[in-house]
Amino acid sequence: AVKRTPFIAGNWKMNLDHLQSIAFVQKLAWSLADAKHDFADAEVAVFPPFTDLRSVQTLVSADSLPIAYGAQDVSAHDSGAYTGEISGAFLAALDCRYVIIGHSERRTLHGESDADINAKVLAAHRHGLIPVLCVGETAEDLEAHGPSAVPVAQLRAALEGVDGSKGLVVAYEPVWAIGSGQAATPDQAEQVAAALRGVLTEVFDDEIAQATRVLYGGSVKAANIASFLREPNVDGALVGGASLDIAEFSSIARFKK
Ligand code: PEP
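Conventions and cut-offs
Residues numbered from 1 in each chain as written. Predicted model: local features only at pLDDT ≥ 70, side-chain atom pairs only at ≥ 80, totals over all residues. Helix = DSSP H or I, 4+ residues; strand = E, 2+ residues; numbered from the N terminus. Buried ≥ 20, exposed ≤ 12 C-beta atoms within 10 Å, placed from the backbone. Contact = placed C-beta atoms within 7 Å. Arc of directions from axis to C-beta. Pairing = 2+ DSSP bridges. Axes fitted to C-alpha atoms, helices over the stretch in contact; angles between N-to-C directions. Parallel < 35°, antiparallel > 145°, perpendicular 65-115°, else oblique. Left-handed = near helix turned anticlockwise from the far one by under 90°. Nonpolar A, V, L, I, M, F, W, Y, C, P; charged D, E, K, R; others polar. Near = placed C-beta within 6 Å. UniProt positions renumbered as here; feature names shortened; annotations may be inferred.

**With respect to the overall build of the protein chain**
Thought 1: In terms of helices and strands, the protein chain carries 11 helices and eight strands.
Thought 2: Once the C-alpha set of the protein chain is aligned to its principal axes, its extents read approximately 45 × 45 × 35 Å.
Thought 3: In the protein chain, which comprises 257 residues, the share counted as buried stands at 44%.
Thought 4: Taking the intrachain contacts of the protein chain between residues at least 6 apart in sequence as the baseline, contacts between residues at least 24 apart amount to 74%.

**Section: helix H7 (residues 149-158)**
Thought 1: Of the residues making up H7, those classed as buried are Val 150, Pro 151, Gln 154, Leu 155 and Ala 158. Down the axis of H7, the sector holding all buried residues measures 130°, keeping them to one side.
Thought 2: Contacts made by the buried residues of H7 are with helix H5 (114-126), strand E5 (130-135), helix H6 (139-145), strand E6 (169-172) and helix H8 (186-203).

**A short note on the pairing of E6**
Thought 1: Side-chain alternation along E6 places Val 169 and Ala 171 on one buried face and Val 170 and Tyr 172 on a second face that is also buried.
Thought 2: As judged from the four bridges shared by E6 and strand E7 (residues 213-217), these two strands associate in the parallel manner. By the bridge assignment, Ala 171 is partnered in E7 with Leu 215.

**Quick notes on the environment of Phe 249**
Thought 1: Tracing the sequence through the fold places Phe 249 in helix H11 (residues 246-253).
Thought 2: Separated by 31 residues in the primary sequence, Phe 249 and Gly 218 place their C-alpha atoms 14 Å from one another.
Thought 3: Setting aside chain neighbours within four positions, we find Phe 249 in contact with Gly 10, Leu 28, Val 239, Ala 242 and Ser 243.

**Quick notes on the packing of helix H1 (residues 18-34) against helix H2 (residues 53-62)**
Thought 1: Between H1 and H2, the shortest axis-to-axis distance is 9 Å and the interhelical angle comes to 30°. Considered as vectors, H1 and H2 are oriented roughly parallel to each other. In this structure, the crossing between H1 and H2 has a hand that is right-handed. Where H1 abuts H2, its residues His 18, Ser 21, Ile 22, Val 25 and Gln 26 lie against Ser 55, Val 56, Leu 59 and Val 60.
Thought 2: The residue inventory of the contact of H1 with H2, partitioned by class, reads five nonpolar, four polar and no charged.

**Thoughts on the site of the ligand**
Thought 1: Not every one of the 13 residues close to the ligand is listed here, only the nearest: Ile 178, Gly 179, Gly 217, Gly 240 and Gly 241.
Thought 2: The residue makeup of the shell around the ligand, split by class, is five nonpolar, seven polar and one charged.

**What about the UniProt feature "active site" (unreviewed entry) in the protein chain?**
Thought 1: In this numbering, the UniProt entry assigns the feature "active site" (unreviewed entry) to His 103 and Glu 173. The annotated residues occupy 71 residues of the chain but converge on a single region, no pair of C-alpha atoms lying more than 8.4 Å apart.
Thought 2: Within the secondary structure, His 103 sits in the loop between strand E4 (98-101) and helix H4 (104-109).
Thought 3: Given 28 C-beta atoms within a 10 Å radius, His 103 is considered buried.
Thought 4: Not counting the four nearest positions on each side in its chain, His 103 is found in contact with Gln 72 and Cys 134.
Thought 5: Among the secondary structure elements, Glu 173 is positioned in the loop between E6 and H8.
Thought 6: Residue Glu 173 is classed as buried on the basis of its 29 C-beta neighbours within 10 Å.

As structure tokens, this is what we get:
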């Protein structure tokens with residue numbers, strides 16, 4: 001079997017300004033170092049607000065911190081008259097490695113469609129960024145269509161015309177589990193993660209599907225991370241609330257299966 005390095009990603013959402021971001025990332029790095037976190041065991045990434053990224057870049061590069069970072073969104077366009085938008089070119093210039101695309105808050109609060117999300121994945125790839133593509137069903141979807149139908153359809157739509165060799169992380173985030181304290185069961189996460197990997201095989205090929213990390217997200221904390229990572233198709237977590245607590249997030253990153 002292919003070895004996929006577990007990925008522990010913290011989505012800060014609209015929390016921590018650029019000064020707070022520096023203190024936070026520095027302390028997180030200390031906490032991981034103190035605990036002798038082995039970065040071969042898990043890759044750790046943070047997703048701060050846009051206005052923090054320059055500060056995070058400066059700190060991470062000056063101190064060679066083994067923490068990856070990325071943005072929480074990207075424009076589908078590369079430049080031009082798009083007031084308020086941020087180009088993937090700008091993110092690449094700040095050495096972002098990743099960008100979250102299609103988070104349920106963007107889909108719901110900003111009306112992002114599958115087509116918008118597909119355009120953003122293509123834009124990320126044009127600039128050498130790895131999309132952390134979020135998919136997930138609402139409680140109503142779950143009731144009406146079962147667990148996999150909506151995430152599978154969202155993934156297929158997002159991958160239209162995408163070159164699988166350019167890198168991708170998929171995050172399965174059931175909307176009903178986000179910020180609710182009500183995580184999916186490891187078994188539910190595994191079932192959908194396996195279905196999503198099936199889509200990757202179909203759309204790309206088995207080699208890419210086996211190499212791509214599929215994360216679970218939704219009320220992940222230190223107390224439940226290991227149960228998800230024991231599942232064969234779950235390769236890490238996208239963490240919201242618990243990523244803002246240094247001790248908690250660092251203990252998630254140090255999960256022991
Ligand atoms: C998220 O919004 O990506 C998320 C997983 O949030 P939480 O961990 O707070 O449920």
